[in-house]
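# Structural overview for review
Listed here are the chains, written in short residue letters.
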Amino acid sequence: RKDSVMTRKKFFFAWLVSLVLAGMPGLALAYNLIEPDALKARIESKQPTILVDIQPKNAYNEHHFFGSVRTFAYPAKTDMDTNSLIQAVRLFESNGNEVVIIGPRGTRAEQRTVDFLASRGIPEDKLFILKGGINGWPYKNMLLNIRGGCQ
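Presented here is an overview of the structure given in this document. The structure displayed is predicted, hence computed values, not measured ones. (Residues numbered from 1 in each chain as written. Predicted model: local features only at pLDDT ≥ 70, side-chain atom pairs only at ≥ 80, totals over all residues. Heavy atoms only, no water.)

With that settled, consider the environment of asparagine 141. Within the fold, asparagine 141 resides in the segment after strand E5 (127-130). Sequence-wise, asparagine 141 and histidine 63 are 78 residues apart; in three dimensions their C-alpha atoms are separated by 9.9 Å. (Helix = DSSP H or I, 4+ residues; strand = E, 2+ residues; numbered from the N terminus.)

Below, the structure written as structure tokens:
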């Protein structure tokens, strides 16, 4: 009886810890973040980088980076969302360049995108998330809109 009570307590504690970790994005797994200044420097120096934009279509039309791979994969929860990410995998396979995920805020959807791309063979050290996402991007004049112009 004492053993079964201890087993239940251990199970409960493990369950509680897993709930806490699941509710704290980035705590359970480490994701590589890239600061806006660092991405700006990459773009300006034309450092080969694959920019994977996962924003929904209407947000992408409002603001995106020139040359980014538009996937409309947000929120990257279903197969339908992630199917469009295969084009990023193919690009990586052809050139091996580092990949930067561009999403609305740089949080869970972007992490799910990294997880998906890593599961398809892209090494985690080649995957980055734009810190703060496109909503936190301070250099709005570098973004394009559907009309092709800068904001």
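In terms of burial, strand E2 (residues 49-53) is largely enclosed, as 4 of its 5 residues are buried. For E2 and strand E4 (residues 98-102), the ladder comprises 5 bridges, and the chain directions are parallel. Across the sheet, residue valine 52 finds its bridge partner in E4, namely isoleucine 101. As defined by bridge partners, E2 adjoins strand E3 (residues 69-70) across 2 bridges and the pair is classed as parallel. Bridging from a neighbouring strand, aspartate 53 pairs with arginine 70 of E3. (Buried < 20%, exposed > 50% of the residue type's maximum accessible area, 1.4 Å probe, protein only. Pairing = 2+ DSSP bridges.)

On to the packing of aromatic side chains. Following the criterion strictly, the structure yields 3 aromatic pairs and no others. Both rings, one in tyrosine 60 and one in phenylalanine 72, keep their centres 5.7 Å apart while their planes meet at 85 degrees; by these two values the pair is edge-to-face. Of this pair, tyrosine 60 sits in helix H3 (residues 57-62) while phenylalanine 72 sits in the loop between E3 and helix H4 (79-82), and the two are 12 residues apart along the sequence. The exposure class of tyrosine 60 is buried, given its relative accessible area of 9%. Note on phenylalanine 72: relative accessible area 30%, which makes it partly exposed. The interplanar angle of 85 degrees and the centroid separation of 4.9 Å between the aromatic rings of phenylalanine 65 and tryptophan 137 together place this pair among those described as edge-to-face. Taken together, the residues phenylalanine 65 in the loop between H3 and E3 and tryptophan 137 in the segment after E5 connect sequence positions 72 residues apart. (Phe/Tyr/Trp six-rings, centres within 6.5 Å; stacked < 30°, edge-to-face > 60°.)

Remember that the coordinates give geometry; whether it matters functionally is a separate question.
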